[in-house]
Amino acid sequence: MKLKKIDVLDKPYQIYAEVLESGAIDQFVDVMGQSDVRQGALMADAHSGYVLPIGGVVATEGTIYPSFVGYDIGCGVCAVKVNIKKDQIWDKAAEIRDAIYADIPVGFNKNPLERHARVRKLLKELKGNPTKVITENLWGEAVLGCGTLGGGNHFIEIGYDESDDVWVIVHSGSRSLGFGVGEHYMKLAAGRDRKFEGLFSLHEHSDIGKDYINDLDFCLAYALLSRKIMVSHTCNILKNFVEGAEAIADTWINRNHNHAEKRDDVWIHRKGATHAELGMMGVIPGNMRDGCFIVRGKGNPESLYSSSHGAGRVMSRAKAKEAVNLEQLTEMMKGVPGASVRSSVIDESPAAYKNIFEVMELQKDLVDVVHHVKPIVNVKG
């Protein structure tokens, strides 16, 4: 897809989506029109977001945009293979799902008091140099949220690949910490407390810009720690159902899809886009029925070394709740014995998303599929 309004700017860009709503097109055109933007791309799952479309990747020179990263800094996906087979847990799927819900806080739930000391210790061991924004204002929220799932499209899944090998996959972000950091620096970039979600940047060498980069890096580390805690808890639960169940360390993958990184003298912002350097392993979720894809990046410079971060929504959450009922969701999820099927997750119905198999086809130049992991257990907030 090409856009005349961007073509006249004489800046390199690529759009991998076949269908885009007008709102996403308008957002991308506005972003590409900024004088410090050097290159951009929209992934196959792109759709409207705040300022930059979800599925957007933008390279800027000398500046960094908090709004191009968004609120859920460090949101991403971890995956690890476990040394057990599908048939060892298939009939226990519902019990395993319920055990995960009993152990890992989801939705608006926070860490119980007995976990606070351990989480606080782990946070203090994280590398990074967070500013007072975090250490004085958001530290309490960080302790409460680390190792908790949240809601929306975040999930914990246990699935199986083409060899019936079992994988644990966790999709989550930085919870209240990332939101607080994102909001704080968007306001500073805009110079106001209202209407701050816009095309406002920070110079990379300014004091505020340096502070944002420090806090961004800490949020990335925080989000990874949070996923590691949930993967560990999930693997420990599997041990209670299958003796000797262990994660296979050298299969571990972590790839976040909301971040900014310095590369080749530009800041590459990914907002709902998976880092996909040559040979880099990643995870691209589809939906709660069709599972996830373990992929290997091809390092395509036209996509700014990126791929989609999922299937991409075709319905808003409100529209999905109008279009799909609980009976229909139950029918869609029949093949997943440990699925989370209830009225509160209708907005995450497979019908609310683009066809993940078509999305994967559209990005054959960006990633190779290594495994397709189909769900056995699905936990959502």
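Our subject is the structure that appears above.
In this text, all values refer to a predicted model and were calculated from it rather than measured experimentally.

Undergrad: So, the state of the cysteines: which residues are in play, and what are the values?
TA: Scanning all chains against the criterion turns up zero disulfides. With no disulfide partner, cysteine 146 has as its closest neighbouring cysteine sulfur the one in cysteine 219, 11 Å distant. As a non-bridged cysteine, cysteine 292 has cysteine 78 as the owner of its nearest cysteine sulfur, 12 Å distant.

Undergrad: Break down the pairing of strand β2 (residues 37–47) for me, citing the residues and quoting the values.
TA: The element β2 is extensively covered by neighbouring structure, given that ten of its eleven residues are classed as buried. Bridging between strand β1 (residues 13–15) and β2 involves three bridges; their strand directions are parallel. Within the sheet, the bridge partner assigned to isoleucine 15 lies in β2 and is leucine 42. Read from β1 through helix α2 (residues 22–32) to β2, the crossover connection turns out left-handed. Note: β2 against strand β3 (residues 54–60), six bridges, orientation antiparallel. The partner of alanine 41 across the bridge, within β3, is valine 57.

Undergrad: Provide a residue-level description of the packing of aromatic side chains, including the pertinent values.
TA: Counted according to the given criterion, the structure contains eight aromatic pairs. With 4.6 Å between their ring centres and 20 degrees between their planes, tyrosine 71 and phenylalanine 179 make a pair best called stacked. Within this pair, whereas tyrosine 71 is found in the loop between α3 (66–69) and β5 (76–85), its partner phenylalanine 179 is found in helix α8 (residues 175–190), the two being separated by 108 residues in sequence. The class for tyrosine 71 is buried, based on a relative accessible area of 15%. Among the aromatic side chains, those forming a connected cluster through ring pairs are Tyr50, Tyr71 and Phe179. One residue, lysine 86, lies across the ring of tryptophan 90, its end atom 5.0 Å from the ring centre. The cationic tip of arginine 263 hangs over the ring face of tyrosine 305; the distance from NZ or CZ to the ring centre is 3.6 Å.

Undergrad: Account for the environment of arginine 120, with residues named and values stated.
TA: For arginine 120, the location among the structural elements is in helix α5 (residues 116–124). Between the alpha carbons of arginine 120 and glutamine 88 there is a distance of 36 Å; along the sequence they are 32 residues apart. Apart from the residues within four sequence positions on either side, arginine 120 is in contact with Trp139 and Val143.

Analysis parameters
Residues numbered from 1 in each chain as written. Predicted model: local features only at pLDDT ≥ 70, side-chain atom pairs only at ≥ 80, totals over all residues. Heavy atoms only, no water. Disulfide = S-S within 2.5 Å. Buried < 20%, exposed > 50% of the residue type's maximum accessible area, 1.4 Å probe, protein only. Helix = DSSP H or I, 4+ residues; strand = E, 2+ residues; numbered from the N terminus. Pairing = 2+ DSSP bridges. Right-handed = clockwise from strand over helix to strand, strands pointing away. Phe/Tyr/Trp six-rings, centres within 6.5 Å; stacked < 30°, edge-to-face > 60°. Lys NZ or Arg CZ within 6 Å of the ring centre and 35° of its normal. Contact = heavy atoms within 4.5 Å.

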